[in-house]
Amino acid sequence: MRIALFEPEIAGNVGNVMRLGACMGAGIDLIEPLGFPWDDRRVRRAAMDYIDHVEIIRHADFSAFRKARAGARIVLFTTRATQSSYDFSYRSDDVLLFGKESAGVTDAVRAVVDASVRLPMRAEVRSLNLATSAGMALGEALRQTHGLPG
C-alpha cells in the first residue's frame, strides 16, 4: 500500500506523512511541484529519523505518477466524494491519493482516479489536516487488508 500526495504545500505535513509511512510500512509518492524546497528543514524535523525507513518516490507531475503506478488502483480522498472511506473495500496494492492542502486535486485528476471516497466528519467543519487524513485512511485500509504491522 502507498500514500500519494498531489502537489503538497506544507513541509511539515509531508514530514508527518513520511513518518506515518515509515511506521506503517507504506511507501510515499510525492507528485510535484512541491510548495516548498525539498531540502526544507521542516520536512526532516517532522519526519525525524524515520525518513530513513520509508520509500519515497518523487514524480515530476501527475502524468509521470500515473505511468509509474500503472496497474495500481488509485483511491482519491476528497471532501467532494459521497462514499464513506469506511464503506469502501481496499486492496493491499491500492495507492491512497490526497490533494494539496489549499485546493485538493484538479478536475483532470479527479476524472481519472479509480475511486473517490470521503472521510466522515461533522458538517460544520471544512476538512481535516492532511497528515491526520492520511493516518485515518491508511489505518482503515491496512486494517481491512490485514496489513497492519505487528
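Note that the structure is a prediction, hence the values are computed from the model and not measured.

Details of the pairing of strand 1 (residues 2–6)
Counted residue by residue, strand 1 has five buried out of five residues, so it is predominantly covered. Every second residue of strand 1 is oriented toward a common face, with Arg-2, Ala-4 and Phe-6 on one face and Ile-3 and Leu-5 on the other, all of them buried. Where strand 1 meets strand 2 (residues 27–31), five bridges bridge the pair, whose relative direction is parallel. By the bridge assignment, Ala-4 is partnered in strand 2 with Asp-29. Inspection of the sheet shows strand 1 paired to strand 5 (residues 95–98) by four bridges, in the parallel sense. Residue Arg-2 lies in a different strand from strand 5, and its bridge partner there is Val-95.

Considerations on the nonpolar core
Counting 33 residues, the largest nonpolar core has Ile-3, Phe-77, Leu-96 and Phe-98 as its most contacted members. Taken together, the elements giving at least two residues each to this core come down to strand 1, helix 1 (11–24), strand 2, strand 4 (74–77), strand 5, strand 6 (115–117) and helix 5 (130–144). In terms of residue count, the dominant contributor to this core is helix 5 (seven residues). Ignoring sequence-local partners within four residues, the contact set of Phe-77 consists of Ser-85, Tyr-90, Leu-96, Leu-97, Phe-98, Val-117, Leu-119 and Ala-137. Listed in part, the twelve residues of the second largest apolar core include Ala-4, Phe-6, Phe-62 and Leu-76.

Parameters at a glance
Residues numbered from 1 in each chain as written. Predicted model: local features only at pLDDT ≥ 70, side-chain atom pairs only at ≥ 80, totals over all residues. Heavy atoms only, no water. Buried < 20%, exposed > 50% of the residue type's maximum accessible area, 1.4 Å probe, protein only. Helix = DSSP H or I, 4+ residues; strand = E, 2+ residues; numbered from the N terminus. Pairing = 2+ DSSP bridges. Core = buried A, V, L, I, M, F, W, Y, C linked by side-chain atoms within 4.5 Å. Contact = heavy atoms within 4.5 Å.

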